Amino acid sequence: DGIWGAKSQAKWDEFGKAYSTKNRTVGSAGSGFVYNAPLWVKGELANVYSYPKAESKYLLGSSKRGAKFFARYSSDANMAGWIKAKAMYNELSGGKLVAKVVYIQTKDVTNVAP
């Protein structure tokens, strides 16, 4: 019954809708994206990284702008300007298409279809 005991359902009925629609992000970056929202490449290209730092040693690959979304938002990263998302991208080495949880700079993505 959670922290409210037998009153959990009544509290959920009272506050559940507001909680469910609230943007629940992790970290302090405040990207404004909603969990599981589809993301598109904002410019021509979005690089994806294994760690939230724009350094070549963390670069995994990239995705080009297209009509289909390339990622789904998971959470904000622990560094401002970065998000965590499950993305479809082309590997840096070999160009193989991969689906994986990665870090992306918020400046490179949008939740609005082109």
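From a predicted model like this one, the values you see are computed outputs, not experimental measurements. (Residues numbered from 1 in each chain as written. Predicted model: local features only at pLDDT ≥ 70, side-chain atom pairs only at ≥ 80, totals over all residues. Heavy atoms only, no water.)

## With respect to the packing of aromatic side chains
Part 1 of the reasoning: According to the stated counting rule, one finds four aromatic pairs in the structure shown.
Part 2 of the reasoning: Seen in terms of ring centroids, Tyr49 and Trp82 are 5.2 Å apart; in terms of plane orientation they differ by 80°. Their pairing is edge-to-face. Linking Tyr49 in strand E2 (residues 45-49) with Trp82 in strand E5 (residues 82-91), this pair joins segments that are 33 residues apart in sequence.
Part 3 of the reasoning: The class of Tyr49 is buried, set by a relative accessible area of 6%.
Part 4 of the reasoning: Judged by its relative accessible area of 5%, Trp82 is buried.
Part 5 of the reasoning: An angle of 40° between the planes, with centres 5.0 Å apart, marks the rings of Tyr51 and Tyr58 as tilted. (Phe/Tyr/Trp six-rings, centres within 6.5 Å; stacked < 30°, edge-to-face > 60°. Helix = DSSP H or I, 4+ residues; strand = E, 2+ residues; numbered from the N terminus. Buried < 20%, exposed > 50% of the residue type's maximum accessible area, 1.4 Å probe, protein only.)

## Brief notes about the environment of Ala37
Part 1 of the reasoning: Relative to the elements of secondary structure, Ala37 occurs in the loop between helix H1 (8-21) and strand E1 (38-41).
Part 2 of the reasoning: Separated by 35 residues in the primary sequence, Ala37 and Arg72 place their C-alpha atoms 5.4 Å from one another.
Part 3 of the reasoning: In this view, Ala37 contacts Ala71, Arg72 and Tyr73; residues no more than four positions away in its chain are not counted. (Contact = heavy atoms within 4.5 Å.)

## Observations regarding the pairing of strand E3 (residues 59-64)
Part 1 of the reasoning: Across five bridges, the pairing between E2 and E3 is antiparallel. Residue Asn47 lies in a different strand from E3, and its bridge partner there is Ser62. (Pairing = 2+ DSSP bridges.)

## A closer look at the nonpolar core
Part 1 of the reasoning: The biggest cluster of nonpolar side chains holds 16 residues, and the ones touching the most others in it are Leu39, Phe70, Ala71, Ile83, Ala87, Ile104 and Val109.
Part 2 of the reasoning: Sorting elements by how many residues they give to this core places E5 first, with four residues.
Part 3 of the reasoning: Apart from the residues lying within four places of it in its own chain, the contact partners of Ile104 are Asn47, Val48, Phe70, Ala71, Gly81, Trp82, Ile83, Ala85, Ala87 and Val109. (Core = buried A, V, L, I, M, F, W, Y, C linked by side-chain atoms within 4.5 Å.)

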